[in-house]
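# Structural overview for review
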Amino acid sequence: MISPPPTVLRTEATPVLDLLTVPQVMVRLQLDRSAVYDLLRTGQLASITLGRARRIPTRALTDFIRTRLEQDVA
């Protein structure tokens with residue numbers, strides 16, 4: 001007798017929010033630390049603060065890149 005495939009149980013109703021550190025964003029954008037912090041300070045790149053740690057949602061990074069690409073095309 002063949003057993004049915006195992007079911008995947010989802011305990012979360014919403015997708016997991018991936019957060020990046022400043023060094024991870026530095027690598028992805030190939031920018032130095034001060035350039036990334038300038039983007040954060042000016043609000044061009046959204047972030048959250050957890051204690052003393054700054055985290056950038058991957059969605060914010062994607063939106064930033066998309067916006068910059070649209071500005072370059074226009």
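Please refer to the structure higher up on the page.
Read on for an overview of the structure.

Rules used throughout
Residues numbered from 1 in each chain as written. Predicted model: local features only at pLDDT ≥ 70, side-chain atom pairs only at ≥ 80, totals over all residues. Heavy atoms only, no water. Pairing = 2+ DSSP bridges. Helix = DSSP H or I, 4+ residues; strand = E, 2+ residues; numbered from the N terminus. Buried < 20%, exposed > 50% of the residue type's maximum accessible area, 1.4 Å probe, protein only. Patch = residues over 30% accessible without salt bridge, like charges linked within 9 Å, V, L, I, M, F, W, Y side chains within 5 Å. Areas by Shrake-Rupley, 256 points an atom, 1.4 Å probe, with all protein chains shown as cover. Salt bridge = Lys/Arg side-chain N within 4 Å of Asp/Glu carboxyl O.

Here we come to the sheet that holds strand β1 (residues 19-20). Here we have 3 strands laid out as an open sheet, ordered β1-β3-β2, and antiparallel in their pairing. The open sheet is flanked by β1 and β2 (48-50), the only strands paired with a single partner. Where β2 meets strand β3 (residues 53-57), 3 bridges bridge the pair, whose relative direction is antiparallel. By the bridge assignment for β3, L50 is matched with A53.

Right, let's get into unusual backbone geometry. Here Q30, not a glycine, exhibits a phi torsion of approximately 55 degrees, which is positive. As for its position among the elements, Q30 is in the loop between α1 (22-29) and α2 (33-41). Q30 gets classed as exposed once you look at its relative accessible area, which sits at 72%.

This brings us to a nonpolar patch on the surface. A cluster of nonpolar residues, L17, L19, I48 and L50, forms a patch on the protein surface that exposes about 330 Å² of accessible area. With respect to the helices, strands and loops of the structure, L50 is situated in strand β2. The class for L50 is partly exposed, based on a relative accessible area of 47%.

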